[in-house]
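Letter by letter, the chains look like this.
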Amino acid sequence: MTLSLRRRWFLLLLGGLVAATLLAGMASWAGAISPPADPLPSWNPGAARDGIVSFVRQTTDPGSPRYVPPEERIATFDQDGTLWVEQPVYPQVRFILERVPGVVTTRAELEKLAATALSGMPLETFRADVRQWLATARHPRWQRPYTALTYQPMQELLRYLRANGYKTYIVTGGGQDFVRVYAEELYGIPPEQVIGSAGATRYGYDSSGRPVLTKEPRLLLNDNDAAKPEGIQLMIGRRPTAAFGNSSGDRQMLEYTKAGDGPRLAMVVLHDDARREYAYGPARGLPDTQVGSFTPALDDEATRQGWIVISMKNDWRRLFSFDR
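An account of the accompanying structure is given in this report. (Residues numbered from 1 in each chain as written. Predicted model: local features only at pLDDT ≥ 70, side-chain atom pairs only at ≥ 80, totals over all residues. Heavy atoms only, no water.)

### Remarks on the nonpolar core
Right, so step 1: Tyr187 and Phe244 are the most contacted members of the largest nonpolar core, which has 55 residues in total.
Right, so step 2: Once residues lying within four places of it in the same chain are set aside, the contact partners of phenylalanine 244 are Ala75, Thr76, Phe77, Asp78, Thr82, Met154, Leu157, Leu161, Met253, Leu254, Leu265 and Met267.
Right, so step 3: Judged by nonpolar contacts, the second largest core, of 19 residues, contains Ile195, Leu286, Leu298 and Val309. (Core = buried A, V, L, I, M, F, W, Y, C linked by side-chain atoms within 4.5 Å. Buried < 20%, exposed > 50% of the residue type's maximum accessible area, 1.4 Å probe, protein only. Contact = heavy atoms within 4.5 Å.)

Right, here's the structure in full:
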């Protein structure tokens, strides 16, 4: 091969290497600027999803007139019917009834039964009982653990808010001690960020002299209705920037949140999907219920106050993590 021919082959080889390097660099660059993954893949396009995304973008952009400082980014969530399934009976009610079987016809009877079932029990024993029950109990419809019946869209919302500097709290009418057992593992919400109906505990010592807290049959906070914003003030000391509920028991928390200065987001879940979950109201002609009631008055107030109603049927593409 002549010197000239070898030179031509060398230049061709060099040009190929340069081209390959450029192509690899372009591919890497294209990957680097590809759009980020959708943070809310289980939500259908619509006013609910758009409202969430717009609110988060505006409140976390330092250049936005609606910017909210990180320390004020507080989001509160009801649990039963908002984060997980509450029908046909609240999971904690089933836990209590299975501990002390009996006929319960009124809320007062249930509260008395709960106090009887839990009174005198060391707090650590109660927590162990809750963990054991959650590991074995199955929902009568899906025959799955209750911990598998959290709403996937709300799990995504919790993560999306936290990824944007929001601190997420559970504010529930359920038992504070009950929910604190599993909230961190299930929702990523630590026990100190759970506000619920709270019973008294008594400090003392066990037979070996070890300090213990024992549950007492005395209610300190019934965390429903007006007690929700009262509990928020007591435990957080800041008005939420965003609040999420599903029933009339969440009304005052939503009102309190929305009444604050600056940007606010209030959303309420409407259970209108009997095929995939349950349909109940009695708002919008849905069946009436004693569990998680969404009344016409609540629906009317949502319209007047600018709360966003989340239609489970229309706004959620997927309900549970096991859905296809």
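Having put the structure on the table, let's press on.
### A few points about unusual backbone geometry
Right, so step 1: Of the consecutive residues glutamine 87 and proline 88, the connecting peptide bond is found in the cis state with omega at 0°.
Right, so step 2: Relative to the assigned elements, proline 88 resides in the loop between β1 (74–77) and α3 (91–99).
Right, so step 3: Residue proline 282 is reached from glycine 281 by a cis peptide bond, and omega for that bond is 15°.
Right, so step 4: Mapped onto the elements of the fold, proline 282 is located in the loop between β6 (265–270) and α11 (296–305).
Right, so step 5: Of note in the backbone geometry, glutamine 143 takes a positive phi value of approximately 55° without being a glycine.
Right, so step 6: Along the chain, the position of glutamine 143 falls in the loop between α5 (123–136) and α6 (152–163).
Right, so step 7: We classify glutamine 143 as exposed; its relative accessible area is 51%.
Right, so step 8: Positive phi values are uncommon outside glycine, yet arginine 284 reaches one of about 60°. (Helix = DSSP H or I, 4+ residues; strand = E, 2+ residues; numbered from the N terminus.)

### Remarks on the packing of helix α9 (residues 227–235) against helix α10 (residues 251–258)
Right, so step 1: Between α9 and α10, the least distance of the axes is 7 Å, while the angle of their chain directions is 55°. With respect to their mutual orientation, α9 and α10 come out oblique. Residues Lys228, Pro229, Ile232 and Gln233 of α9 lie in contact with α10, whose contacting residues are Gln252, Met253 and Tyr256.
Right, so step 2: Among the residues forming the contact of α9 with α10, the class breakdown is four nonpolar, two polar and one charged. (Axes fitted to C-alpha atoms, helices over the stretch in contact; angles between N-to-C directions. Parallel < 35°, antiparallel > 145°, perpendicular 65-115°, else oblique. Nonpolar A, V, L, I, M, F, W, Y, C, P; charged D, E, K, R; others polar.)

### Quick notes on a nonpolar patch on the surface
Right, so step 1: A cluster of nonpolar side chains, Tyr203, Tyr205 and Leu213, forms an exposed patch at the surface whose accessible area comes to about 360 Å².
Right, so step 2: Mapping leucine 213 onto the fold places it in strand β4 (residues 211–221).
Right, so step 3: Take leucine 213: its relative accessible area is 38%, and that puts it in the partly exposed class. (Patch = residues over 30% accessible without salt bridge, like charges linked within 9 Å, V, L, I, M, F, W, Y side chains within 5 Å. Areas by Shrake-Rupley, 256 points an atom, 1.4 Å probe, with all protein chains shown as cover. Salt bridge = Lys/Arg side-chain N within 4 Å of Asp/Glu carboxyl O.)

### Details of the pairing of β4
Right, so step 1: Pairing of strand β3 (residues 194–205) with β4 involves seven bridges; the strand directions are antiparallel. Considered in β4, the bridge of alanine 198 is made with leucine 221.
Right, so step 2: Hairpin geometry of β3 and β4 is characterised by an intervening segment of five residues between the two adjacent antiparallel strands and by a positive phi of about 90° at glycine 209. (Pairing = 2+ DSSP bridges.)

### Side note on the packing of aromatic side chains
Right, so step 1: Per the stated rule, a full pass over the model turns up 17 aromatic pairs.
Right, so step 2: For the ring pair phenylalanine 77 and phenylalanine 244, a centre distance of 4.4 Å and an interplane angle of 15° mean the geometry is stacked. Separated by 167 residues along the polypeptide, phenylalanine 77 in strand β1 and phenylalanine 244 in strand β5 (residues 242–245) bring together distant segments of the chain. Exposure class is identical for phenylalanine 77 and phenylalanine 244. Each is buried.
Right, so step 3: Note on tryptophan 133 and phenylalanine 178: the rings are 6.4 Å apart at their centroids and 55° apart in plane angle, and the pair reads as tilted. Highlighted residues: tryptophan 133 in helix α5 and phenylalanine 178 in helix α7 (residues 176–180), separated in sequence by 45 residues. Considered together, tryptophan 133 and phenylalanine 178 belong to a single accessibility category, that of buried residues.
Right, so step 4: Put simply, the rings of Trp43, Trp142, Tyr151, Tyr278, Trp316, Phe320 and Phe322 pair up and form one aromatic cluster.
Right, so step 5: The ring of phenylalanine 322 is capped by arginine 144, whose NZ or CZ atom sits 3.8 Å from the centre of that ring.
Right, so step 6: Note that lysine 215 overlies the ring of phenylalanine 126, its terminal NZ or CZ placed 4.7 Å from the centroid. (Phe/Tyr/Trp six-rings, centres within 6.5 Å; stacked < 30°, edge-to-face > 60°. Lys NZ or Arg CZ within 6 Å of the ring centre and 35° of its normal.)

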